Amino acid sequence: MEYILIIIAAVFINNVILAQFLGVCPFLGVSNKMSTAIGMGLAVLFVITLATIITFLVQTYILDPSGLGYLQTIAFILLIATLVQMIEIILKKASPPLYQSLGIFLPLMSTNCAILGVAILVIQNNLNLLQATTTAAGTGLGFLLAMVIFAGLREQMELQGVPKAMKGAPIAMITTGILALAFMGFSGLV
């Protein structure tokens, strides 16, 4: 039951985009089309979970025993960048259309603050490996959910008569704010 609550909290209450405002760059940049948003959301789900496991193990078994905890941020950035490069190579071979649709945002995933933020937060919150992995997976699902909802809203707004002055970034920011307010309704859930 504890792990179900962790997932619910990570997806709805502490949504990485809408409550913590981490990972907003890909959220705004790749959410124009549903297919791209789903691809990016799934990629972030995979990377955030795998990166959290790897960084947790590095912190627990290398940095802490060696007294090198002060190198946490730089070590995590290097690990995440390496992991994203490996995923980029795999995507380029396995799914060229998805690779092309993600464009510049795929390499930018290595600097996605949501991925680094979760890796650091699970260490700071003294979670064990299973709790950390569950938190990361839930956070990735929350990222995916926010991306899909926002992409659907943006596609609908393209079909509606949005005033010229509000097109693009202004309506995207207003919609993001309203979506964040909607997710605040889940705050008393867990």
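Residues numbered from 1 in each chain as written. Predicted model: local features only at pLDDT ≥ 70, side-chain atom pairs only at ≥ 80, totals over all residues. Heavy atoms only, no water.

**Description of the overall build of the protein**
And then number 1: From N to C terminus, the protein includes nine helices and zero strands.
And then number 2: Along the protein, helices (α) and strands (β) appear in the sequence α-α-α-α-α-α-α-α-α when read from the amino end.
And then number 3: Relative to its length of 190 residues, the protein is compact, with a C-alpha radius of gyration of 17 Å against a globular reference of 16 Å.
And then number 4: If you line up the protein on its principal axes, its C-alpha atoms span 60 × 45 × 25 Å.
And then number 5: Out of the 190 residues in the protein, the part that is buried amounts to 44%.
And then number 6: When the accessible surface of the protein is split by element, carbon and sulfur atoms take 71% of a total near 9,800 Å².
And then number 7: Considering the protein, the positive charge centre built from 6 side chains and the negative charge centre built from 5 side chains are found 18 Å apart. (Helix = DSSP H or I, 4+ residues; strand = E, 2+ residues; numbered from the N terminus. Rg over C-alpha atoms; globule rule 2.2 N^0.38 Å. Buried < 20%, exposed > 50% of the residue type's maximum accessible area, 1.4 Å probe, protein only. Areas by Shrake-Rupley, 256 points an atom, 1.4 Å probe, with all protein chains shown as cover. Lys, Arg positive; Asp, Glu negative; His and termini not counted. Charge placed at Lys NZ, Arg CZ, Asp CG, Glu CD.)

**Re the confidence of the model for the protein**
And then number 1: Here the protein averages 88 in pLDDT, and 96% of its residues register 70 or above.
And then number 2: The secondary structure element of the protein with the lowest average pLDDT is helix α6 (residues 105-108), at 69, and the one with the highest is helix α8 (residues 129-159), at 93. (pLDDT = per-residue confidence, 0-100.)

**Some details on helix α7 (residues 113-124)**
And then number 1: Along its 12 residues, α7 runs 16 Å from first to last C-alpha, staying within 8% of the 16 Å computed at 1.5 Å per residue.
And then number 2: By the burial criterion, the buried members of α7 are Ala114, Ile115, Leu116, Gly117, Val118, Ala119, Ile120, Val122 and Ile123.
And then number 3: Buried-residue contacts for α7 involve α3 (34-66), α4 (72-94) and α8. (Expected span 1.5 Å × (residues − 1). Contact = heavy atoms within 4.5 Å.)

**Considerations on the packing of aromatic side chains**
And then number 1: Enumeration according to the criterion identifies four aromatic pairs in this entry.
And then number 2: When the ring of Phe27 is compared with that of Phe150, the centres are 4.4 Å apart and the planes differ by 25°; the resulting orientation is stacked. Of the two residues, Phe27 sits in helix α2 (residues 24-29) while Phe150 sits in helix α8, which places them 123 residues apart along the sequence. For the pair formed by Phe27 and Phe150, the shared burial category is buried.
And then number 3: Here the aromatic cluster, defined as three or more aromatic residues joined through ring pairs, consists of Phe12, Phe183 and Phe186. (Phe/Tyr/Trp six-rings, centres within 6.5 Å; stacked < 30°, edge-to-face > 60°.)

**Details of the environment of Leu189**
And then number 1: Of note, Leu189 is situated in the segment after α9 (169-184).
And then number 2: Judged by its relative accessible area of 53%, Leu189 is exposed.
And then number 3: Separated by 176 residues in sequence, Leu189 and Ile13 place their C-alpha atoms 7.6 Å apart.
And then number 4: Once you skip the residues sitting within four places of it in the chain, Leu189 turns out to touch Ile8 and Ile13.

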